[in-house]
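# Residue-level structural notes
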Amino acid sequence: MRRPLLAGNWKMHYGVSEGVALVEALSADLTDLSDRDVLVCPPFTLLGSLAPLLDGTAMALGAQNMHYEAKGAYTGEIAPQMLKELGCSYVILGHSERRQYFGETDELINRKAHAALAIGLKPIVCVGEVKAERDSGQAESVVVGQLRGSLAGLSAEQLRGVVIAYEPVWAIGTGDTATPADAQAMHARIRAELAALSDQATADAVIIQYGGSVKPDNVDELMAQPDIDGALVGGASLKAADFIRIVRFK
Ligand SMILES: O=C(CO)COP(=O)(O)O
């Protein structure tokens, strides 16, 4: 059985004091979870302050990006080991905002995925089509292409350590979420592609999150879909009460 993974992607929000307050509110409430995993992904600058607060809680720590090299002259970049050292166990890779605003390609994301796995960080590899691609019937081919490119060369064993986040770009930050049926259809397609890249047992073990305007009032229906194993939450993860309700999906 796949353990649901509810993750908050804080994006470029919050300084240390706001981040500490949010984690304290979450950890005060989320004390009784044995059947799901919870993850917070704050900006790099908060990782060091939040790690000790998360220690001993039900929540794990993740980063939103990283470089693929271990070290070197890459001004402004963060290496995989630097994240591990701070207590990160996950890293989001290839978020659509990275693809859109920072020119990240499937090839680059693939290098990052290999680097993360090599060091024992779980990559959350993001895929998703833009509105024009969905409207022109290309959503599946776009997502399958992103999967093949981003996951190239990973063994079945490595794939079991990867999380996929399906985030249709048109649903991010818009309040315009995919219908549960549309999201389920894409998740099933993603799982079929994972099986083609490895084998069915591996595909069945991979967590596939949905992201894009996940809110307290739509999470239950999304999580009820057979191939939706979690959520990658943006805006609603910044408010303790909303994120707690999402984590406590029914
Ligand atoms: O991009 C997202 C999570 O990575 C989704 O953001 P929203 O939940 O704000 O739509």
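Residues numbered from 1 in each chain as written. Predicted model: local features only at pLDDT ≥ 70, side-chain atom pairs only at ≥ 80, totals over all residues. Heavy atoms only, no water.

- Looking at an unreviewed UniProt entry, one finds the protein named Triosephosphate isomerase, with Herpetosiphon gulosus as its source organism.
- Regarding the protein, the UniProt comment filed under Subcellular location (unreviewed entry) reads as follows: "Cytoplasm".
- Per UniProt, the comment on the protein under Catalytic activity (unreviewed entry) is "D-glyceraldehyde 3-phosphate = dihydroxyacetone phosphate". (UniProt positions renumbered as here; feature names shortened; annotations may be inferred.)

### A closer look at the packing of helix H7 (residues 139–150) against helix H9 (residues 180–197)
- Two elements in contact, H7 and H9, have axes separated by 10 Å at closest approach and are oriented at 40 degrees. Between H7 and H9 lies a crossing of right-handed hand. On H9, the residues that touch Ala-139, Glu-140, Val-143, Val-144, Leu-147 and Arg-148 of H7 are Met-186, Arg-189, Ile-190, Glu-193 and Leu-197.
- Of the residues that constitute the contact of H7 with H9, the class distribution is seven nonpolar, no polar and four charged. (Axes fitted to C-alpha atoms, helices over the stretch in contact; angles between N-to-C directions. Helix = DSSP H or I, 4+ residues; strand = E, 2+ residues; numbered from the N terminus. Left-handed = near helix turned anticlockwise from the far one by under 90°. Contact = heavy atoms within 4.5 Å. Nonpolar A, V, L, I, M, F, W, Y, C, P; charged D, E, K, R; others polar.)

### Looking at the packing of aromatic side chains
- Here the structure, examined in full by the defined rule, presents two aromatic pairs.
- Relative to Tyr-14, the ring of Trp-10 has its centre 5.9 Å away and its plane inclined at 75 degrees; by these criteria the two rings are edge-to-face.
- Positioned above the aromatic ring of Phe-249, the side-chain terminus of Arg-36 is 4.3 Å from the ring centre.
- Cation over ring: Arg-98 sits above Phe-102, and NZ or CZ is 4.1 Å from the ring centre. (Phe/Tyr/Trp six-rings, centres within 6.5 Å; stacked < 30°, edge-to-face > 60°. Lys NZ or Arg CZ within 6 Å of the ring centre and 35° of its normal.)

### Looking at the sheet that holds strand S3 (residues 59–63)
- Spatial strand order, S1-S2-S3-S4-S5-S6-S7-S8: eight strands in a closed barrel with parallel pairing. In this sheet, adjacent strand axes meet at a mean angle of 25 degrees when their direction is disregarded.
- For strand S4 (residues 90–93) and strand S5 (residues 122–127), the ladder comprises four bridges, and the chain directions are parallel. Within S5, the residue paired with Ile-92 across the bridge is Ile-124.
- Across the face of the sheet, H9 comes into contact with S5, strand S6 (163–166) and strand S7 (208–211) while running at roughly 145 degrees to S7. (Pairing = 2+ DSSP bridges.)

### As for the site of the ligand
- Surrounding the ligand, one finds 13 residues, the nearest of these being Lys-11, His-95, Gly-173, Ser-213 and Gly-235.
- Here an oxygen atom of the ligand sits 2.8 Å away from a polar atom, N or O, in the side chain of Lys-11.
- Contacts to the ligand include Gly-234, whose backbone N or O atom sits 2.9 Å from an oxygen atom.
- Notes on the ligand: free accessible area 310 Å², of which the protein chains cover 97%.
- A class-by-class count of the residues in the shell around the ligand yields four nonpolar, seven polar and two charged. (Near = heavy atom within 4 Å. Polar contact = N/O pair within 3.5 Å; in protein donor to acceptor, adjacent residues only side chain to side chain. Areas by Shrake-Rupley, 256 points an atom, 1.4 Å probe, with all protein chains shown as cover.)

### Side note on the nonpolar core
- The biggest cluster of nonpolar side chains holds 66 residues, and the ones touching the most others in it are Leu-151, Ile-164, Ile-190, Leu-194 and Tyr-210.
- The residues touching Leu-194, leaving out its near neighbours within four places in the chain, are Leu-151, Leu-159, Ile-164, Asp-199, Ala-203, Val-206 and Ile-208.
- Counting 13 residues, the second-largest nonpolar core is a separate cluster that includes Leu-5, Ala-7, Cys-41 and Val-163. (Core = buried A, V, L, I, M, F, W, Y, C linked by side-chain atoms within 4.5 Å. Buried < 20%, exposed > 50% of the residue type's maximum accessible area, 1.4 Å probe, protein only.)

### Here we look at the UniProt feature "binding site: substrate" (unreviewed entry) in the protein
- This chain's UniProt record puts "binding site: substrate" (unreviewed entry) on Asn-9, Trp-10, Lys-11, Gly-173, Ser-213, Gly-234 and Gly-235. In summary, the annotated positions, though distributed over 227 residues, converge in three dimensions, the widest C-alpha pair being only 13.9 Å.
- Topologically, Lys-11 is positioned in the loop between strand S1 (5–9) and helix H1 (16–29).
- Its relative accessible area of 19% is what places Lys-11 among the buried residues.

### Side note on the pattern of salt bridges
- Inspection of every chain in the model, using the stated rule, returns 19 salt bridges.
- Put simply, Arg-2, Arg-191, Asp-227 and Asp-229 are held in one network by salt bridges that share partners. (Salt bridge = Lys/Arg side-chain N within 4 Å of Asp/Glu carboxyl O.)

### Remarks on the pairing of strand S8 (residues 230–233)
- Burial of the side chains of S8 extends over both faces: Gly-230 and Leu-232 are buried on one face and Ala-231 and Val-233 on the other.
- When S1 meets S8, the two strands line up parallel, connected through four bridges. Considered in S8, the bridge of Leu-5 is made with Gly-230.
- The pairing of S7 with S8 spans three bridges and is classified as parallel. Note on S8: the bridge partner recorded for Tyr-210 is Ala-231.

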